[in-house]
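If you want the building blocks of each chain, they are given just below.
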Amino acid sequence: MEWTNKIRNTLCLVALMLLTACSVSYKFNGASIDYNKTKTIQIADFPIRSSYVWGPMGPLFNNELKDKFANHTRLIQVRRNGDLKIEGEITQYQQRNKSVSAEGYSAQTELSMTVNVRFTNNARHEEDFERQFTATATYETTQSLTAVQDELVTQMTKDICDQIFNATVANW
């Protein structure tokens, strides 16, 4: 009987030591932000600097980027003097033939979007960067661009916003 008490006490002591010695933190959104130091984010609207333009692309991108940070962080979005600052421009939006059919005609077309981003972390300037992020989507040439453009640009915008989020606050 006495040895079971010793084993039980030892197991309790080991469990207590493990609980107090280890600190495990899981963040399912991927953000690794020290909210004690970083409380605000400034996200500028990204103008379109591409020679080929689709009108709704600018507002779609800007809203998606701001929503991404609003939904996945506790950062307060401000107009100026943010602890984090994201700005840039949509530099490229283009389509090109991706594959050719046996008859020699284009079978698939690839649509691509590139965004230049300047990121400033006012708490840790060693994390600052300027980088380009690109996403692509393919569609069958039998479809017109106007028929698939909304869906494909939405898909590419989400992809680029995920890339920006990961590069800025997820530290991946």
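Placed above this text is the structure.
The structure contained in this document is the topic of the report that follows. Just so we're clear, the structure is a prediction, and the values are computed from it rather than from any experiment. (Residues numbered from 1 in each chain as written. Predicted model: local features only at pLDDT ≥ 70, side-chain atom pairs only at ≥ 80, totals over all residues. Heavy atoms only, no water.)

## Remarks on the environment of S112
Tracing the chain through its elements places S112 in strand 4 (residues 106–121). Sequence separation of S112 and Q95 is 17 residues, and the distance between their C-alpha atoms is 6.3 Å. Contact partners of S112, with chain neighbours within four places excluded, come to Q92, Y93, Q94, A135, T136 and M156. (Helix = DSSP H or I, 4+ residues; strand = E, 2+ residues; numbered from the N terminus. Contact = heavy atoms within 4.5 Å.)

## Looking at the pattern of salt bridges
Here the structure, examined in full by the defined rule, presents 10 salt bridges. Between D162 and K68 there is a salt bridge, with its nearest N and O atoms 2.6 Å apart. Of this pair, D162 sits in helix 3 (residues 145–170) while K68 sits in helix 2 (residues 57–72), and the two are 94 residues apart along the sequence. The exposure class assigned to D162 is partly exposed, which follows from its relative accessible area of 32%. Among the ionic pairs, R124 bridges to E127, the shortest N-O distance being 3.1 Å. With relative accessibility at 22%, the residue E127 sits in the partly exposed group. Each of K85, E87, E89, R118 and E130 takes part in a single network of salt bridges with overlapping partners. (Salt bridge = Lys/Arg side-chain N within 4 Å of Asp/Glu carboxyl O. Buried < 20%, exposed > 50% of the residue type's maximum accessible area, 1.4 Å probe, protein only.)

## Digging into the side chain of K68
Under the relative-accessibility criterion, K68 is labelled buried at 14%. For K68, the side chain forms a polar contact with the side chain of D162, separated by 2.6 Å. (Polar contact = N/O pair within 3.5 Å; in protein donor to acceptor, adjacent residues only side chain to side chain.)

## Some details on the nonpolar core
By size, the foremost hydrophobic cluster in this structure holds 35 residues, and its most contacted members are F61, L65, I86 and M113. At 11 residues, the largest contribution of residues to this core is made by helix 3. Beyond its immediate chain neighbours, meaning those up to four positions away, I86 contacts I41, Q42, I43, A44, F46, L65, F69, V117, R118, F119, I164 and T168. (Core = buried A, V, L, I, M, F, W, Y, C linked by side-chain atoms within 4.5 Å.)

## Some details on the sheet that holds strand 2 (residues 76–77)
Strands belonging to one sheet form pairs held by backbone hydrogen bonds; the direction of such a pair is parallel or antiparallel. Judged by pairing direction, the sheet is mixed, and its 5 strands sit side by side in the order 2-1-3-4-5 without closing on themselves. What marks the edges here is a single partner per strand, and that holds for strand 2 and strand 5 (129–140). Sheet analysis places strand 1 (residues 40–43) next to strand 2, joined by 2 bridges and oriented parallel. Note that in strand 2 the partner of T40 across the bridge is I76. In the packing of helix 2 onto the sheet, contacts are made with strand 1, strand 2, strand 3 (84–100) and strand 4, and the angle to strand 3 comes to roughly 125°. Sitting on the sheet, helix 3 touches strand 3, strand 4 and strand 5, and the angle it makes with strand 5 is about 150°. (Pairing = 2+ DSSP bridges. Axes fitted to C-alpha atoms, helices over the stretch in contact; angles between N-to-C directions.)

## Things to note about the pairing of strand 3
For strand 1 and strand 3, the ladder comprises 3 bridges, and the chain directions are parallel. Opposite I43, over in strand 3, you have I86 as the bridge partner. With 15 bridges joining them, strand 3 and strand 4 adopt antiparallel strand pairing. Residue Q95 lies in a different strand from strand 4, and its bridge partner there is L111.

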